[in-house]
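Structural overview
Letter by letter, the chains look like this.
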Amino acid sequence: MLTKAATIGLSLMFAFAVTGCDNKDAVPTDPSRKMITIEHEQGTTAVPVDPQRVVVLNTATLDTMDALGIAITAVPQTSVHLPAFLKKYEGSDYVNAGSFFEPNYEVLSNLKPELIIAGGRTNDAYDKLSEIAPTISLTVDNKDFINSMAQRTQQLGEIFNKHAEATALIDQFKQKIQLVKDKAQNQGTAMVIMINGGKMSAYGPGSRFGFIYDELGFKPATTFSQTGTHGNVVNAELLLSVNPDWLFVLDRDSAIGNNEAQSAKQVLDNALMHKTNAWNNNKIVYLDSSAMYIAGGLQTYNQLLDQINQVLDQE
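As recorded by an unreviewed UniProt entry, the chain carries the name Iron complex transport system substrate-binding protein and is attributed to Orbus hercynius. Recorded under Subcellular location (unreviewed entry), the UniProt text for the chain is reproduced unchanged: "Cell envelope". The UniProt entry for the chain carries the following comment under Sequence similarities (unreviewed entry): "Belongs to the bacterial solute-binding protein 8 family."

Where interface size is quoted, it is often the accessible area lost as the parts come together. Its domain assignment divides the chain into domain 1 (35-163) and domain 2 (183-313). Between the C-alpha centres of domain 1 and domain 2 the distance comes to 28 Å. With 19 residues of domain 1 in contact, the opposing surface of domain 2 contributes 23 residues. Taking both sides of the interface into account, the surface hidden between domain 1 and domain 2 amounts to around 1,600 Å²; carbon and sulfur atoms contribute 57%. At the boundary of domain 1 and domain 2, one finds zero salt bridges. On the surface where domain 1 and domain 2 come into contact, there are seven residue pairs in polar contact (both at pLDDT 80 or more). Of all the elements in the fold, those that place two or more residues in the side of domain 1 that touches domain 2 are helix H2 (59-68) and helix H5 (145-159). Ranked by residues supplied to the side of domain 1 that touches domain 2, first place goes to H2 with six residues. Taken together, the residues of the side of domain 1 that touches domain 2 break down into ten nonpolar, five polar and four charged.

As a further point, take the nonpolar core. Ile193, Phe218, Leu247 and Phe248 are the most contacted members of the largest nonpolar core, which totals 77 residues. Looking at this core, you find at least three residues from each of domain 1 (35-163) and domain 2 (183-313). Setting aside its immediate chain neighbours within four residues, Leu247 contacts Met191, Ile193, Leu239, Leu268, Met273, Ala278, Lys283, Ile284 and Val285. Within the second largest apolar cluster, eleven residues are counted, among which are Val55, Leu57, Ala97 and Leu129.

For the rest of this paragraph, the subject is the layout of surface pockets. In this model, the largest pocket occupies a volume close to 970 Å³. If you list the elements that add at least two residues to the lining of the largest pocket, you get H2, strand S8 (189-196), strand S9 (199-203), strand S11 (232-234) and helix H12 (289-294). Top element by residues in the lining of the largest pocket is S9. It accounts for four residues. Here the residues of the lining of the largest pocket are counted per class, giving 18 nonpolar, 16 polar and five charged. Inspection of the lining of the largest pocket shows a minimum of three residues originating in each of domain 1 (35-163) and domain 2 (183-313).

Time to look at empty space enclosed by the protein. Taking a probe equal in size to a water molecule and rolling it over the atoms shows the remaining empty space. Scanning all chains against the criterion turns up two cavities of 30 Å³ or more. Considering only enclosed or pocket space, the largest cavity measures out at about 60 Å³ in volume. If you trace the largest cavity, you find it lined by Ala60, Thr61, Thr64, Leu138, Val140, Met149, Arg152, Thr153, Leu156, Gly296 and Gly297. Elements with a contribution of two residues or more to the lining of the largest cavity: H2 and H5. Considering only residue class, the lining of the largest cavity consists of five nonpolar, five polar and one charged.

The backbone phi angle of Asp50 is positive, close to 55 degrees, even though this residue is not glycine. If you trace the backbone, Asp50 turns up in the loop between strand S2 (43-48) and strand S3 (54-56).

Along the chain, Thr276 falls in the loop between helix H10 (264-268) and helix H11 (277-280). Look at Thr276 and you get buried, because its relative accessible area is 1%. Among the polar contacts made by the side chain of Thr276, one reaches the main-chain amide nitrogen of Trp279 at a distance of 3.3 Å. Contact partners of Thr276, with chain neighbours within four places excluded, come to Leu239, Leu240 and Asn243.

Glancing now at the UniProt feature "domain: Fe/B12 periplasmic-binding" (unreviewed entry) in the chain. Listed under "domain: Fe/B12 periplasmic-binding" (unreviewed entry) in the UniProt record, and renumbered for this structure, are residues 53-315. Helix makes up 40% of residues 53-315 and strand 16%, with an end-to-end C-alpha separation of 48 Å.

As a further point, take H2. In terms of residue burial, H2 counts as a mostly covered element, since nine of its ten residues are buried. Taken residue by residue, H2 has Thr59, Ala60, Thr61, Leu62, Asp63, Thr64, Met65, Asp66 and Leu68 as its buried positions. N-cap assignment for H2: the residue whose side-chain oxygen lies 3.1 Å from the backbone N of Ala60 is Asn58. Just beyond H2, the residue with positive phi is Gly69, at close to 70 degrees.

Criteria and thresholds
Residues numbered from 1 in each chain as written. Predicted model: local features only at pLDDT ≥ 70, side-chain atom pairs only at ≥ 80, totals over all residues. Heavy atoms only, no water. UniProt positions renumbered as here; feature names shortened; annotations may be inferred. Domains from an automatic or database assignment. Contact = heavy atoms within 4.5 Å. Buried area = accessible area lost by both parts, 1.4 Å probe. Salt bridge = Lys/Arg side-chain N within 4 Å of Asp/Glu carboxyl O. Polar contact = N/O pair within 3.5 Å; in protein donor to acceptor, adjacent residues only side chain to side chain. Helix = DSSP H or I, 4+ residues; strand = E, 2+ residues; numbered from the N terminus. Nonpolar A, V, L, I, M, F, W, Y, C, P; charged D, E, K, R; others polar. Core = buried A, V, L, I, M, F, W, Y, C linked by side-chain atoms within 4.5 Å. Buried < 20%, exposed > 50% of the residue type's maximum accessible area, 1.4 Å probe, protein only. 1 Å grid on protein atoms, 1.4 Å probe; cavity = no way out; pocket = protein on both sides within 12 Å on 5 of 7 lines; lining within 4 Å. Points joined across faces, edges and corners; volume = space filled by probe spheres on them.

Here it is in structure tokens:
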């Protein structure tokens, strides 16, 4: 028969165990496991250092993790069209974690991951994912892009013991930005547009694709009141009226593998566009739409910088 003190002790131990199960940030039962606290877009979460079973649902973070050489267990594969440099993640070496917008919770629960990295298109799934494993959202802030990208890369370095690699990548990235920014001075006005289903939308400073203005210093040909994800509806008449010196173009249909729609080049090949400065001076730059639209991490932006640098060298 248990003494009163022993009974109270067992009750406390049971209460502690139940509380630990309900707390997604609880330290694992292995007291030797090192934990660090990560501040992220959707809160603050304690995560294990150097986790071995890692689910990555945010393709921008996947892009940067791939650059850092971090091992990944599961990624979205359902209805996914990754850019060429991330194609390997569509293969059978990786567990299919569902789609960008609908994670497969049953698969993830059975996988028992040590860490889930969400954000981006999976923001709405954060609470459910947090019930499965510690979950962090490492989305980059477009309004403070360089500092935010550097912070997210450093956080990955902290979690996965890749401090030196993260620092080297950030330094290289900043150097490339400065190189292109110096060359972009006095290059005139620019506009970033996306073409989708034959229609055009434009993005200004502070938006999803505002990097070209905000960080590289191209002067916007016009500004918009909205900086939302889907941009601002524009047409050839507007483009002619603001007449940008540079036009940076994304083709969403190409990015998602829709080969039946008109290409961006076909949509822009019209009488009004032929009158613009960008057309006549051969300053329409077709970006790697799959990388920019689907991914958007360090590798994507390094490739973008290389492309723009090459174009500017031809001036």
